[in-house]
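# Structure assessment
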Amino acid sequence: MNTQEVVARHYKENIERMRSQAEITAKYRLACQNYKNLKQTCTDKEREQLIMLYAEAKALSWVLGKNENTFSRDTNF
């Protein structure tokens, strides 16, 4: 098996399908809810996880076309 065949095989096996609007919205709502829950009980040990949840929710809000005010409202109490 040559290099081109290996790359083609790897590419074929690792193609992800496009996500639907409903899937992205559900994942966004779940990320916001997880962020809110963790923010209430956050300690210094969990700060990195809190930042990662915020970044994920922020990226999903960008994909959904939400503005900063809507995102802020969704992630705060």
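Before reading further, recall that the structure is shown in the block above.
For clarity, every value in this text was computed on a predicted model and none was experimentally measured. (Residues numbered from 1 in each chain as written. Predicted model: local features only at pLDDT ≥ 70, side-chain atom pairs only at ≥ 80, totals over all residues. Heavy atoms only, no water.)

## Notes on helix α3 (residues 47–64)
- Given a rise of 1.5 Å per residue, 18 residues ought to cover 26 Å, and the 26 Å separating the end C-alpha atoms of α3 matches this to within 8%.
- Along α3, the positions that sit buried rather than exposed are Leu 50, Leu 53, Ala 57, Leu 60, Ser 61 and Leu 64. Across the axial projection of α3, the buried residues extend over an arc of 105 degrees, all falling on one side. Those residues of α3 that are exposed and angled more than 90 degrees off the buried face are Glu 48, Met 52 and Trp 62.
- On the buried face of α3, the contacting elements are α2 (21–40) and α4 (68–75). (Helix = DSSP H or I, 4+ residues; strand = E, 2+ residues; numbered from the N terminus. Expected span 1.5 Å × (residues − 1). Buried < 20%, exposed > 50% of the residue type's maximum accessible area, 1.4 Å probe, protein only. Arc of directions from axis to C-beta. Contact = heavy atoms within 4.5 Å.)

## A few points about the environment of Leu 50
- By the element assignment, Leu 50 lies in helix α3.
- Residue Leu 50 is classed as buried on the basis of its relative accessible area of 9%.
- Not counting the four nearest positions on each side in its chain, Leu 50 is found in contact with Tyr 35, Leu 38, Lys 39 and Cys 42.

## Looking at the packing of aromatic side chains
- Inspection of the entire model under this criterion finds 2 aromatic pairs.
- Between Tyr 54 and Phe 71, the aromatic rings sit 5.3 Å apart at their centres with planes inclined by 70 degrees, giving edge-to-face as the arrangement. In this pair, Tyr 54 is assigned in helix α3 and Phe 71 in helix α4, connecting sequence segments 17 residues apart. (Phe/Tyr/Trp six-rings, centres within 6.5 Å; stacked < 30°, edge-to-face > 60°.)

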